[in-house]
Amino acid sequence: MKHALTSLVVVSGFCAGWLLPPLRPQTSPPPRPAAAPASKLAEHARHARTRQLLALLLDEPERAAFRRKSARSLAGLLGVIRHSGQFSQPDVERIVAMDPATALEQLLSAPGASTQLGESIALEWASRDPDGAIGFLLEKPSYRGEDFLCQALIGACGSNPQLVAETIRKQSRRWQERNLETLFASKISIPTAAEPAAPSGESDTDNSTFRSAWFGEDILNCLADEPLRDKARACWNNNPPLRPITAKAEPVAALELAELSAQDYGAASRLRELLRSHPDETLAAVAEKGSYQARATLMMQSIQDFPIAQEAWPEGFKRLEDLMAKLEVIPIHQPGHPETGPFLQGSAAADWIASQPLALQRAWSPAFTETWAQSEPALAINWARELPPGAAGNEATQRGLIVWAHAKPLEAAAYVADLPPGDLRDAAISNTAAAWAGVDRAGAAAWLAQLPDSPAKARAIERVK
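Just so you know, these numbers come straight off a predicted model, no measurement behind them. Every residue gets a number counted from 1 within its own chain, in the order that chain's sequence is written. In view of the model being predicted, local features appear only for residues whose pLDDT reaches at least 70, and side-chain atom pairs are presented and counted only at 80 or more, with totals across whole chains, interfaces and linings using the full set of residues. Side-chain metrics rest on all non-hydrogen atoms present in the structure, leaving aside hydrogens and water.

### Some remarks on the overall build of the protein
Secondary structure elements follow DSSP: runs of H or I of four or more residues count as helices, runs of E of two or more count as strands, with numbering from the N terminus. A tally of helices and strands in the protein yields 25 helices and 5 strands. Burial status follows relative accessibility: with a 1.4 Å probe on protein chains alone, a residue under 20% of its type maximum counts as buried, one over 50% as exposed, and anything between as partly exposed. Looking at the protein as a whole, 45% of its 465 residues are labelled buried. Summing over all exposed atoms, the protein offers an accessible surface of approximately 23300 Å²; the carbon and sulfur share of this is 55%. To measure how exposed things are, a 1.4 Å probe is used in the Shrake-Rupley method; for residues, cover is taken only from the protein chains shown.

This is how it looks when you write it as structure tokens:
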């Protein structure tokens, strides 16, 4: 009942948000070609109101579930899952119904992509379309592709054991031995009637249309020799399926942390998963002997896990400070939403950024000022102008002015007119005029006409033509 009421309130809130009038420049109505920027601003405002309503009405797990459920495209759904690190079986089923090949292609190539999600998609896809899933993954030779292929074989074994047997038989003995426990220590459900098979980790004794079996019971001859077949039988007799990772040091030690490179996507993905399952142990091991790439991988994961709710930002900032000290890595990218981009704004976040090393200020200040300027442009731009040399303050100022000029060009122009003479003012005149022209070309031209002649004015007139 609680969730039903919550959903009703959320939907009502969204409807109310959509009924609010969009932000409009306080100038003459824009011509038709200029409607697109205003539409984008209105859409961004709706996204902001949506985030605020979600933060007020739902807790974080509920917000993550809502964002996944409301994602309209494959790219949107994968982006939400990547940001939250959470997904469910219904999410996997939606991805398979949309385009499993494209999803796996992204998960195979994107640094830090979830191996667990890819394995779940491969398993579900192969349970529905064994030939399509296995054929696709056979063309993706990589460590991560091999993991996905094994799950596809498990998913397909109940409905098409011969295809699975032929696939395994064509692999090298070394491949078979490396993946033997993953495959043969898995339980599957085999249909006893015409229904399609369904992979399972539990016995299906209460379902008369399926029987539970170990993977490979009827296709042991696909293995290269008798010693491998003996090991497969040992999996059935002695080992529980899918043994969990223990809290010992071996999982982290198994990764060559000192040699981990940006090109080893599989190792980076496993490192991220270890950070979630063994955070203290993994952080200590990487801080002690990890390469720069290993330490940067953990830092990037922490940025992705940064809380969206504003009340949780102080704790998030403290964790980032601790990680920067331990890992000796400055995060280049600031926290952001996969669909709407960076979300940090306001004086508290600005004070924290200004207290951090110059490298972080330089990397974060332009996008941060741009985001903050959407709600408090004068404060954001004044903050950017006070940044120390080397902190990208001029770039941040210009990006803030562009946002302001799109939304309220008269206010932005008045601010620019009060700037002291110099390079900053010259660039601001040009950028403000160009941004203003996007929503009201005649208004921008009229503003430039009343300015005294200067090289900056001439450049701005060329951009407004």
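### A few points about the pattern of salt bridges
Each reported salt bridge corresponds to a side-chain nitrogen of Lys or Arg within 4 Å of a carboxyl oxygen of Asp or Glu. This structure, assessed with the given rule, holds 15 salt bridges. Linking Arg 399 and Glu 395 is a salt bridge whose minimum nitrogen-to-oxygen distance equals 3.3 Å. You can see Arg 399 and its partner Glu 395 sitting in helix α21 (residues 393–407), 4 residues apart, about one turn around the helix. Among the ionic pairs, Lys 465 bridges to Glu 462, the shortest N-O distance being 2.9 Å. By relative accessible area, Lys 465 is classed as exposed at 68%. Several salt bridges converge on common partners, so that one network encompasses Arg 173, Glu 177, Asp 225 and Lys 231.

### Side note on helix α24 (residues 441–449)
What α24 keeps buried is the set Gly 443, Ala 444, Trp 447 and Leu 448. Looking down the long axis of α24, one finds its buried residues gathered within 135° of arc, a one-sided arrangement. For α24, the exposed residues lying more than 90 degrees away from the buried face are Ala 442 and Ala 449. Throughout, the arc means the angular range of directions from the helix axis out to the C-beta atoms.

### Some remarks on the side chain of Gln 176
Along the chain, the position of Gln 176 falls in helix α11 (residues 173–184). The exposure class of Gln 176 is buried, given its relative accessible area of 3%.

### Side note on helix α8 (residues 130–138)
Every buried residue of α8 is listed here: Pro 130, Ala 133, Ile 134, Phe 136 and Leu 137. The buried residues of α8 occupy one face: seen down the axis, they fall within an arc of 160°.

### Re the environment of Gln 356
Checked against the element boundaries, Gln 356 lands in the loop between α18 (347–354) and α19 (358–372). For Gln 356, a relative accessible area of 11% puts it in the buried group. The spacing of Gln 356 and Glu 321 is 35 residues in sequence and 8.6 Å in space, taken between C-alpha atoms. In this view, Gln 356 contacts Glu 321, Met 324 and Gln 361; residues no more than four positions away in its chain are not counted. Contacts are assigned to residue pairs with any non-hydrogen atoms lying within 4.5 Å of each other.

### As for the confidence of the model for the protein
Across the protein, pLDDT averages 79, with 74% of residues at or above 70. Scored between 0 and 100, pLDDT is the confidence that the predictor attaches to each residue. By mean pLDDT, helix α1 (residues 2–19) is the weakest element of the protein at 45, and α18 is the strongest at 96. In the predicted structure, residues 194–208 sits below a pLDDT of 50 and forms 24 contacts with residues beyond four places in sequence or in another chain. In this model residues 239–251 is a low-confidence stretch, pLDDT under 50, and it forms 20 contacts with partners more than four residues away in sequence or in other chains.

### Examining the side chain of Glu 146
With respect to the helices and strands, the residue Glu 146 is situated in helix α9 (residues 143–157). N or O atoms within 3.5 Å of each other form a polar contact, as long as, within protein, one can give a hydrogen and the other can take it, and as long as residues adjacent in sequence are counted only when both atoms are side-chain atoms. Reaching out from Glu 146, the side chain makes a polar contact with the side chain of Asn 179 at a distance of 2.8 Å. Beyond its immediate chain neighbours, meaning those up to four positions away, Glu 146 contacts Trp 175, Arg 178 and Asn 179.

### Here's the deal with the nonpolar core
Here, nonpolar core means buried Ala, Val, Leu, Ile, Met, Phe, Trp, Tyr and Cys residues that are tied together by side-chain atoms lying within 4.5 Å of each other. Ranked by internal contacts, the top residues of the largest apolar core, which has 52 residues, are Phe 184 and Phe 215. At 8 residues, α9 tops the list of elements feeding residues into this core. What Phe 215 contacts, discounting residues up to four positions off in sequence, is Leu 153, Ile 154, Cys 157, Val 164, Ile 168, Leu 183, Phe 184, Ser 186, Ile 188 and Trp 236. Of all hydrophobic cores here, the second largest spans 36 residues; its members include Leu 298, Val 329, Ala 384 and Ala 396.

### A few points about unusual backbone geometry
Positive phi outside glycine occurs at Glu 328, with the angle close to 55°. Note that Glu 328 resides in the loop between α17 (313–327) and β4 (336–337). Although it is not a glycine, Ala 392 adopts a positive phi angle of roughly 60°. By the secondary structure assignment, Ala 392 is in the loop between α20 (377–385) and α21. For Ala 392, a relative accessible area of 19% gives the class buried.

### Let's talk about the state of the cysteines
Covalently bonding the sulfur atom of one cysteine to the sulfur atom of another cysteine gives a disulfide. The rule for a disulfide is simple: a pair of cysteine sulfur atoms within 2.5 Å. Per the counting criterion, the structure on display carries 0 disulfides. In this structure Cys 157 is a free cysteine whose sulfur lies 8.5 Å from that of Cys 222, the closest cysteine sulfur available. By relative accessible area, Cys 157 is classed as buried at 5%.

### Structural notes on the packing of aromatic side chains
Each Phe, Tyr or Trp ring (for Trp, its six-membered ring) is paired with any other whose centre lies within 6.5 Å, and the angle between the two planes then decides the class: stacked below 30 degrees, edge-to-face above 60, tilted in between. The tally for this structure, following the rule as stated, stands at 12 aromatic pairs. Between Trp 125 and Phe 136, the ring centres sit 5.6 Å apart and the planes meet at 50°, which makes this aromatic pair tilted. You can see Trp 125 sitting in helix α7 (residues 115–128) and its partner Phe 136 sitting in helix α8, a full 11 residues away along the chain. A residue is classified by how much of its surface remains accessible, and Trp 125, at 9% relative accessible area, is buried. Residue classification places Phe 136 among the buried positions, given a relative accessible area of 14%. Each residue in the set Phe 306, Phe 317, Trp 352 and Trp 364 is aromatic and connected to the rest through ring pairs, giving one cluster. For a Lys NZ or an Arg CZ to count as sitting over a ring, it must be within 6 Å of the ring centre and within 35 degrees of the ring normal. A cation over an aromatic ring shows up here: Lys 187 above the ring of Trp 214, its NZ or CZ 5.0 Å from the ring centre.

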